[in-house]
Amino acid sequence: MADQSGTNNSHNNAQPINPNIPDFEESSRINTNVFHVGSFGALWKEKLLPRDFSLDDTEMEEEEDEENVVQELGCSSATAAELEVVCSVDALKCTEVDCPDPEVIPDKTDLVTVGIRRKILDRREDTIIVDRICRQEMFAYELQSYAVGKKPKDPEDYIDEGELILTLNIFYPVIFQKHREYKPYQTWLVLGSQKLTELRDAISCVSDLQISGEYSNNPDMEPENLSKDLYKSSFLYFENVFYNDMRFPECRDLSRTVIEWAQERDRGYSDFRCEKMEDFTFNDLNIKIGFPYVYCHQGDCEHIIIITDIRLAHRDDCLDKTLYPLPIKKHWLWTRRCAVCNLYTARWVTNNDHLAPEDPCFFCDVCFRLLHYDTEGNKLGEFLAFPYVDPGIFN
């Protein structure tokens, strides 16, 4: 009984957990509990010292490090300065005598791995080898390496100290059955102080570039508008709130249909509400890390958005706020080739085409015109032709 009462007292005396500190939900262990982004950043800055999230490499920090060495080792300042020189990274390099050229393999060696390396180097001299693994890794991390440590030329473009950086995975549209469940095709870094509309404008989707209309009678006609110019409505959904893009007069509330459906027949989703996307920053959001949210545009093109990380900015990040939202990874998309030459990227798609081997059929511009029009540009036969925007343009 004493042990049980002691346990109960310890539970009663335990301090309540701050709801703005993310922790994994017991039911899923996949995503965290709901927390407020701005409040979470404020808690971080309360617990840390200013130098812990400072973005400047100042001499004051070096002096503090030297003072810490003197205090820990009980030595003089001169000894601490000497230790800094002796233990620096530059002092760890081998001399030219002790460090042979790694590309030069000795003629006689009993080491099996060295012998294998010699055979590989000899084969490289005779053949051209494409290192596909290294090439794929280079493309995968090319965007991320481009912005690491990048600093702006204008001091006013520096991000603020203590700024939050969120990592978002943008998944393929749900209409793409092949990748609809597990393929994030864009990864972005956004600042907590940025508007939601900045992310909305940064997300690239082939649906925004579609050209409406049928062009078989006049394939040289320039399209007047793209889909993104005609249909500007969109929303971001986070924790029972639809953030609608209402910046333009032609924008309409895409979430209204969902809310009306949820409210009728008492489906249990009565707490939905709407806000304007342009009035909120990421610091204003209530989110769960690892939980799927939605970005919807073009009426029914829906992308899953998962926030995978939230942290304070550090000096190795891209410090130019004009570059955010910052893309750090894009999935490599296969381009659709022409069905005739199988060489060039498709630019046209036809329907009800008796000259095509399949319906629909994709053609490059050259093969499309050679097959469907005579030398004077007259249409041959009956078919429907639509401009095709290949997803590979984002590579």
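Per chain, residue numbering runs from 1 following the sequence as it is written. Given that this is a predicted model, residues contribute local features only at a pLDDT of at least 70 and side-chain atom pairs are listed and counted only at 80 or more, while totals for whole chains, interfaces and linings are drawn from all residues. Excluding hydrogens and water, the side-chain values take into account all heavy atoms of the structure.

Draft legend 1. Here's a closer look at the overall build of the protein chain. Numbered from the N terminus, helices here are DSSP runs of H or I no shorter than four residues, and strands are runs of E no shorter than two. A count of helices and strands for the protein chain gives eleven helices and 13 strands. For the protein chain, restricting intrachain contacts to residue pairs at least 6 apart in sequence, the fraction spanning at least 24 positions comes to 63%. Just so you have it, the protein chain exposes about 25900 Å², and 52% of that area is on carbon and sulfur atoms. Every residue pair with non-hydrogen atoms within 4.5 Å of one another is taken to be in contact. Areas reported here follow the Shrake-Rupley algorithm with a probe of radius 1.4 Å; residue values treat only the protein chains shown as occluding.

Draft legend 2. Local environment of the nonpolar core. By nonpolar core we mean a set of buried residues, namely Ala, Val, Leu, Ile, Met, Phe, Trp, Tyr and Cys, connected to one another through side-chain atoms within 4.5 Å. Remark: exposure states derive from per-residue accessible area (1.4 Å probe, protein chains only) relative to the maximum for the residue type, with buried under 20%, exposed over 50%, and partly exposed in between. By size, the foremost hydrophobic cluster in this structure holds 42 residues, and its most contacted members are Y243 and I287. Other than its neighbours up to four places away in sequence, Y243 contacts L196, S234, F235, L236, F238, E275, M277, F280 and L285.

Draft legend 3. Layout of the environment of K379. Along the polypeptide, K379 turns up in the loop between α11 (365-372) and β13 (384-387). C-alpha of K379 to C-alpha of R369: the two residues are ten residues apart in sequence and 9.2 Å apart in space. Setting aside its immediate chain neighbours within four residues, K379 contacts S216, N217, H372 and Y373. N or O atoms closer than or at 3.5 Å make up a polar contact, with two conditions inside protein: a donor-capable atom paired with an acceptor-capable one, and, for residues adjacent in sequence, both atoms drawn from side chains. A polar atom in the side chain of K379 sits 3.0 Å from the side chain of S216. Reaching out from K379, the side chain makes a polar contact with the backbone oxygen of F383 at a distance of 3.2 Å.

Draft legend 4. The confidence of the model for the protein chain, seen in detail. Within a predicted model, pLDDT stands for the predictor's per-residue confidence, ranging from 0 to 100. Averaged over all residues, the pLDDT of the protein chain is 80; the fraction at 70 or higher stands at 84%. Taken as a whole, residues 1-15 scores under 50 in pLDDT and shows zero contacts with residues more than four places along the chain or in a different chain.

Draft legend 5. Representation of the packing of aromatic side chains. Here the aromatic set is Phe, Tyr and Trp, taking the six-membered ring for Trp, and pairing holds for ring centres within 6.5 Å; pairs whose planes are under 30 degrees apart are stacked, those over 60 apart are edge-to-face, and all others are tilted. One pass over the full model with this rule turns up 16 aromatic pairs. Taken together, a centroid distance of 6.4 Å and an interplanar angle of 55° make the contact between F238 and Y243 tilted. One exposure class covers both F238 and Y243, and it is buried. Ring geometry for F368 versus F383: centroids 6.3 Å apart, planes at 90°, classification edge-to-face. Linking F368 in helix α11 with F383 in the loop between α11 and β13, this pair joins segments that are 15 residues apart in sequence.

Draft legend 6. Seen up close, the sheet that holds strand β10 (residues 326-330). A pair of strands is considered paired only if DSSP assigns at least 2 bridges between the two. Strand order in the open sheet formed by eight strands is β6-β5-β4-β8-β9-β2-β3-β10, and the pairing between neighbours is mixed. Of all the strands in the sheet, just β6 (273-276) and β10 have a single pairing partner and so form its edges. Each strand of the sheet is rotated relative to its neighbour by a mean of 25°, with strand direction disregarded. Relative to strand β8 (residues 292-297), strand β4 (residues 234-238) runs antiparallel, the two being bridged by four bridges. What sits directly across from F235, in β8, is C296. Contacts from helix α2 (residues 37-47) reach β2 (164-173) and β9 (301-312) within the one sheet, and its direction differs from that of β9 by about 15°. Angles here are taken between N-to-C directions and fall from 0 to 180 degrees, while the axes themselves are lines fitted to C-alpha atoms, restricted in helices to the stretch in contact.

Draft legend 7. Looking closely at the pattern of salt bridges. In the sections that follow, a salt bridge refers to a side-chain nitrogen of Lys or Arg positioned within 4 Å of a carboxyl oxygen of Asp or Glu. Throughout the structure, instances matching the rule amount to ten salt bridges. With its nearest N and O atoms 2.8 Å apart, the salt bridge here joins D201 to R247. Here D201 is found in helix α8 (residues 196-202), whereas its partner R247 is found in the loop between β5 (241-244) and α10 (256-263), with 46 residues between them in sequence. What makes R247 partly exposed here is its relative accessible area of 31%.

Draft legend 8. Quick look at the pairing of β8. Where β8 and β9 come together, six bridges link them in antiparallel fashion. Paired with V294 across the two strands is I304, which belongs to β9. Once β8 ends, the chain turns through three residues before running back antiparallel as β9, passing Q298 with a positive phi of about 55°.

Draft legend 9. Quick look at the sheet that holds strand β11 (residues 348-351). Strand order in the open sheet made by the three strands is β12-β11-β13, with antiparallel pairing throughout. Single-partner strands in this sheet number two, and they are β12 (361-363) and β13. Across the sheet, the axes of successive neighbouring strands diverge by a mean angle of 30°, strand direction being ignored. Taken together, the four bridges between β11 and β13 define a ladder with antiparallel strand orientation. Along β13, the bridge assignment pairs T350 with A385.

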